[in-house]
Amino acid sequence: MKEVDTSIIKNKCIISISLLFLVAAVTLFVTENIKKQIPYEIAYEYVNIKDMATAKVATKKDDTNILTTLTTKKRTTPIPVEQIELPVRNNTLPTLESPKPIWYLPVENGVITQYPSYSHAALDITSYRGSDEVIHPVANGTISGIYTDGAGAKIVTIHHLIDGVNYTSQYVHLSSYAPDIYVGKPVTINDSIGQMGTTGYSTGIHLHIAVLDCTLFDPNDNKCSNLGGFFRYASERYSQGFYGLGSLMNVPYSWNSR
Ligand SMILES: [Zn+2]
């Protein structure tokens, strides 16, 4: 009799432990999937402006790649590069019907997860490739900033001079920077500036891209000489009906070049 009792208890124990593991596995699965379904950030825009003003920037002189504190005075003036006609990146969509396309999508595969609004004058784009998705400049230009914000978001900004108008494109939440970039480097739509990520205030891997018609970090630009100005000017332009990249080119809801 005693032997029988022991085996029943053993069986109950095994069943209980199995159930516990099952519950734990289901919980983990559900949690991970909920995370995946929310691929955009909650509040990158609410980063303390003071933190953003003391963001770090890497410059060409930093041979050892040591980050130095950014001040607008230290920053070299962006070097405008001539807009030349380049071979179209193979991921460019046929929706671009401009006779001389200038603006391009920043990633080969994308799904829009958040559209511009007054407090979020930018596009959020995610990709099924996650952090393998490479970020490209949306137009030819010159890298004007490489820095992290107060929340740790890795950010690159590019200055564009197009038809006499200065623009800045800003790429936020990168998982990593391309190893060969530096402030002042001329870049084309075919170059890589980094990989998609979820650094900073973000709940999932995506690219936050803002495009504005001003020159970020240029002390002579009274619209966006610093990051606080860039943020305020973005809201101002949104209320005037300028929505960044979506106002400059046809951005589909989702695309996949392969
Ligand atoms: Zn965003």
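In what follows, the structure referred to is the one given above.
Residues numbered from 1 in each chain as written. Predicted model: local features only at pLDDT ≥ 70, side-chain atom pairs only at ≥ 80, totals over all residues. Heavy atoms only, no water.

### Here's the deal with the side chain of His208
Part 1 of the argument: Here His208 lies in strand S12 (residues 207-212).
Part 2 of the argument: We classify His208 as buried; its relative accessible area is 3%. (Helix = DSSP H or I, 4+ residues; strand = E, 2+ residues; numbered from the N terminus. Buried < 20%, exposed > 50% of the residue type's maximum accessible area, 1.4 Å probe, protein only.)

### Focus on the sheet that holds strand S3 (residues 109-114)
Part 1 of the argument: Across the sheet, eight strands lie side by side as S10-S6-S7-S8-S12-S4-S3-S13; this open sheet has antiparallel pairing. With one partner strand each, in any of the chains shown, strand S10 (186-187) and strand S13 (254-256) form the two edges of the open sheet.
Part 2 of the argument: Two strands pair when backbone bridges link them, and S3 and strand S4 (residues 123-126) are joined in this way by three bridges, in the antiparallel orientation. Considered in S4, the bridge of Ile112 is made with Ile125.
Part 3 of the argument: Sheet strands in contact with helix H3 (residues 227-239) are strand S6 (141-148), strand S8 (165-174) and S12, and its direction is about 80° off that of S12. (Pairing = 2+ DSSP bridges. Contact = heavy atoms within 4.5 Å. Axes fitted to C-alpha atoms, helices over the stretch in contact; angles between N-to-C directions.)

### A closer look at the pattern of salt bridges
Part 1 of the argument: The final tally for this structure, using the stated rule, is four salt bridges.
Part 2 of the argument: Where Arg129 meets Glu133, a salt bridge forms, and the shortest distance between an N and an O atom there is 3.4 Å. With respect to class, Arg129 is no different from Glu133; both count as buried.
Part 3 of the argument: Taking the shortest distance from any N to any O, the salt bridge between Lys185 and Asp180 comes out at 3.2 Å.
Part 4 of the argument: Judged by its relative accessible area of 15%, Lys185 falls in the buried class.
Part 5 of the argument: Each of the salt bridges in this network shares a partner with another, and the network as a whole consists of Glu108, Arg129 and Glu133. (Salt bridge = Lys/Arg side-chain N within 4 Å of Asp/Glu carboxyl O.)

### Regarding the environment of Gly184
Part 1 of the argument: Note that Gly184 resides in the loop between strand S9 (176-177) and S10.
Part 2 of the argument: Placed 43 residues apart in sequence, Gly184 and Gly141 show a C-alpha to C-alpha distance of 9.4 Å.

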